[in-house]
Amino acid sequence: MSTLPFPHSTKVIAIDGPSASGKGTIAARIASILNRDYLDSGALYRLTALFAQQRQIDWTNEEQIAQLAAALPVIFIEGKILLNDLDVTHIIRSEEVGMNASKIAVYPLVRAALLQRQRGFLTARGLVADGRDMASVVFPSAELKIFLTASAQIRAERRALQLGISVNSDEFKQILADIEKRDTADRTRLVAPLQPVADAHILDTSSLNIEESVQKILDWYQIIEK
Ligand code: CDP
């Protein structure tokens, strides 16, 4: 943890962290408490992956995937996500789409194509944005930067609980393996790797529930608001 930029600039709270760290739930809750908009940047990578899959684009074809990313026919409406007028709210959350999202997220052209779209979510209301590179690339002048962590085991247990899967099952082992694989891919890629920036507040949620994590971030937020 280090000093926060002062005067604080962009009205953005950036929340980055690995898969299943709880950042989506925590970020959405903070946005609602502070009456701000919420950007789930991972959804854009997931949508791009799904769109590429639907169009049967070769996963190695960076240029074509970037073109799809730049022109995603997506609408976010009343808690639903429509891609080409089809409701994909649930499909994009599948593990398969998540793995494919991680695959295409390594491409600089894809990341560049999604950059302006992500910044476009910021309005006068202010934003809470979650992802992997919110603080490092998309909103480097965010007023508050949070990096969430939790052990892979704890994150796998949380995901298993969500899915109603026992921690003694083979399915659980698969979830843990998938989380570790995606962590490695996200942390070691050359472009925008998942890493805390120097002025991020590190929050290990291994022994915190959602409410406690939200409260901790709001405490930090109140300090910069003073
Ligand atoms: O829900 P979960 O945290 O597992 O994933 P997500 O936030 O929906 O993101 C899916 C994948 O998209 C991640 O594994 C990353 O590879 C990629 N991603 C990224 O590279 N940069 C972002 N800002 C958000 C997601």
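Novice: For the sheet that holds strand β2 (residues 37-40), give the residues involved together with the corresponding values.
Specialist: One open sheet holds the five strands; their spatial order is β2-β6-β1-β7-β8, and the pairing between them is parallel. On the outer flanks of this sheet lie β2 and β8 (201-204), each paired with one strand and no other. For this sheet, the mean angle separating the axes of adjacent strands, direction not counted, is 20 degrees. Pairing of strand β1 (residues 10-16) with strand β7 (residues 142-149) involves five bridges; the strand directions are parallel. Of the residues in β7, the one forming a bridge with I15 is I146. Strand contacts of helix α1 (residues 23-34): β1, β2, β6 (127-131) and β7, with the helix running at about 175 degrees to β6, the strand carrying the most contacts.

Novice: Requested: an account of the packing of aromatic side chains, with residues and values cited.
Specialist: By the definition in use, this model includes one aromatic pair. Taking the centre distance of 5.8 Å and the plane angle of 80 degrees together, the rings of F76 and F121 count as edge-to-face. With a gap of 45 residues between them, F76 in strand β3 (residues 74-77) and F121 in the loop between α5 (108-119) and β6 connect regions that are remote in the sequence.

Novice: Before we move on, could you go through the side chain of S102 and cite the residues and values that matter?
Specialist: One can find S102 in helix α4 (residues 95-104). Setting aside anything within four residues of it in sequence, one finds S102 in contact with R182, A185 and D186.

Novice: Just give me the short version of the site of the ligand, but keep the residues and values in it.
Specialist: S19, K23, R46, R111 and D186 are the nearest of the 19 residues found near the ligand. S19 is positioned such that a nitrogen or oxygen atom in its side chain is 2.7 Å from an oxygen atom of the ligand. At a separation of 2.8 Å, an oxygen atom of the ligand approaches a polar side-chain atom of R111. Calculation on the ligand without its partners gives an accessible area of 530 Å², and the protein chains cover 95% of this total. For the shell around the ligand, the element with the highest residue contribution is helix α2 (residues 41-54), accounting for four residues.

Novice: Tell me about the pattern of salt bridges, and name the residues and values.
Specialist: All chains considered together, the criterion is met by 13 salt bridges. With a closest N to O distance of 3.6 Å, R182 and E95 form a salt bridge. With a gap of 87 residues between them, R182 in helix α8 (residues 170-188) and E95 in helix α4 connect regions that are remote in the sequence. You can call R182 buried: its relative accessible area is 6%. Look at E95 and you get partly exposed, because its relative accessible area is 27%. Notably, a salt bridge pairs D186 with R189, separated by 3.5 Å at the nearest N-O pair. As far as the burial class goes, D186 and R189 line up, both buried. Each of E95, R159 and R182 takes part in one network of salt bridges that share partners.

Conventions used here
- Residues numbered from 1 in each chain as written.
- Predicted model: local features only at pLDDT ≥ 70, side-chain atom pairs only at ≥ 80, totals over all residues.
- Heavy atoms only, no water.
- Pairing = 2+ DSSP bridges.
- Helix = DSSP H or I, 4+ residues; strand = E, 2+ residues; numbered from the N terminus.
- Axes fitted to C-alpha atoms, helices over the stretch in contact; angles between N-to-C directions.
- Contact = heavy atoms within 4.5 Å.
- Phe/Tyr/Trp six-rings, centres within 6.5 Å; stacked < 30°, edge-to-face > 60°.
- Near = heavy atom within 4 Å.
- Polar contact = N/O pair within 3.5 Å; in protein donor to acceptor, adjacent residues only side chain to side chain.
- Areas by Shrake-Rupley, 256 points an atom, 1.4 Å probe, with all protein chains shown as cover.
- Salt bridge = Lys/Arg side-chain N within 4 Å of Asp/Glu carboxyl O.
- Buried < 20%, exposed > 50% of the residue type's maximum accessible area, 1.4 Å probe, protein only.

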